[in-house]
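Structural features, examined
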Amino acid sequence: YLSVLSGWQKLVDNEADHPSKLKTSARKLVEKKVNGILGKLSENSKKVIDEYIPLIKTDLPNFNTLKKHSGLLAQQISYELGKLTKADNQTLNSISSLFYKVGEIVLLSDHLMDIDKDIKAKQYNPIIVNSKLNNSSIVVEYDTLLVELNTKCCKIFEKLKEFKNQHITNNDFISSITNAI
């Protein structure tokens, strides 16, 4: 059911960026399923989703707030998935805190990869916003975001090394995250 929530979130985001009757119809159709799923989630997960959705609907979100909530959303989704396993609470908390960082890098990566498309479509991208605010070039702001991304990736790799040394999770999990990053 979490993949349905992720798909719904992407539909909401895409509809906000490029409104159309087809996208609205698709979102409403998926929302019927989502409403049933939301009732099965923890109150904390519902709260995170409720706070995240308005951020992706706005034309000019506060990027640090958006980044924080992207991390929280990834953390909560991983926690909800982890509850379906036999993992103890300490392991669940450790892994979900790692996914907070993963959620942040997904957002950073998205903006880095979409910069050309966002410039052409005149869509929100913090690189463009910061370029205007700081009176700097797109290249300078791109590089700044890239440094932030690389720093966060290094922190994830350090955390995965801790997981391995402390036997928090298995090597397949560590390899999967490492390869994805």
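For the structure, check the block above.
All of these numbers come straight from a predicted model, not from anything done at the bench.

Parameters at a glance
- Residues numbered from 1 in each chain as written.
- Predicted model: local features only at pLDDT ≥ 70, side-chain atom pairs only at ≥ 80, totals over all residues.
- Heavy atoms only, no water.
- Helix = DSSP H or I, 4+ residues; strand = E, 2+ residues; numbered from the N terminus.
- Rg over C-alpha atoms; globule rule 2.2 N^0.38 Å.
- Buried < 20%, exposed > 50% of the residue type's maximum accessible area, 1.4 Å probe, protein only.
- Contact = heavy atoms within 4.5 Å.
- Salt bridge = Lys/Arg side-chain N within 4 Å of Asp/Glu carboxyl O.
- Core = buried A, V, L, I, M, F, W, Y, C linked by side-chain atoms within 4.5 Å.
- Arc of directions from axis to C-beta.
- Polar contact = N/O pair within 3.5 Å; in protein donor to acceptor, adjacent residues only side chain to side chain.

1. Here we look at the overall build of the protein chain
Looking only at helices and strands, the protein chain features nine helices and zero strands. Its helices and strands taken in sequence order, the protein chain reads α-α-α-α-α-α-α-α-α from the N to the C terminus. Here the C-alpha radius of gyration of the protein chain, 18 Å, is about what a compact globule of 181 residues would show, namely 16 Å. Taken along the three principal axes of its C-alpha coordinates, the protein chain extends 45 × 40 × 25 Å. The 181 residues of the protein chain split such that 39% are buried. Here the contacts in the protein chain between residues at least 6 apart in sequence split such that 59% fall between residues at least 24 apart.

2. Here we look at the pattern of salt bridges
With the rule as written, the count across this model stands at nine salt bridges. Close ionic contact of K83 with E80 constitutes a salt bridge, the shortest N to O distance being 3.2 Å. Overall, E80 belongs to the buried group, its relative accessible area being 2%. Between D114 and K117 there is a salt bridge; the shortest N-O distance is 3.9 Å. On the basis of relative accessibility, which here comes to 18%, the residue D114 falls in the buried class.

3. Quick look at the nonpolar core
Core analysis: the biggest nonpolar cluster contains 37 residues, and L5, I49, L66, L160 and F173 have the highest contact counts within it. Of all elements in the fold, only helix 1 (2–17), helix 2 (21–38), helix 3 (43–57), helix 4 (63–82), helix 5 (89–113), helix 7 (126–133), helix 8 (138–165) and helix 9 (171–180) reach the threshold of two or more residues within this core. The dominant element in this core, judged by the number of residues it contributes, is helix 5, at eight residues. Those residues in contact with L5, other than ones at most four positions away along the chain, are V34, I37, L38, L41 and I49.

4. A closer look at helix 9
Three- or four-residue spacings in an α-helix give side chains the same orientation, since the helix completes a turn every 3.6 residues. Residues of helix 9 that are buried: F173, I174 and I177. When helix 9 is viewed along its axis, its buried side chains cluster within an angular range of 95 degrees and face the same direction. Of the residues in helix 9, the exposed ones pointing more than 90 degrees away from the buried face are D172 and N179. In this structure, the buried residues of helix 9 make contact with helix 5 and helix 8. Capping the start of helix 9, N170 holds a side-chain oxygen 3.1 Å from the backbone nitrogen of D172, two or three residues further along.

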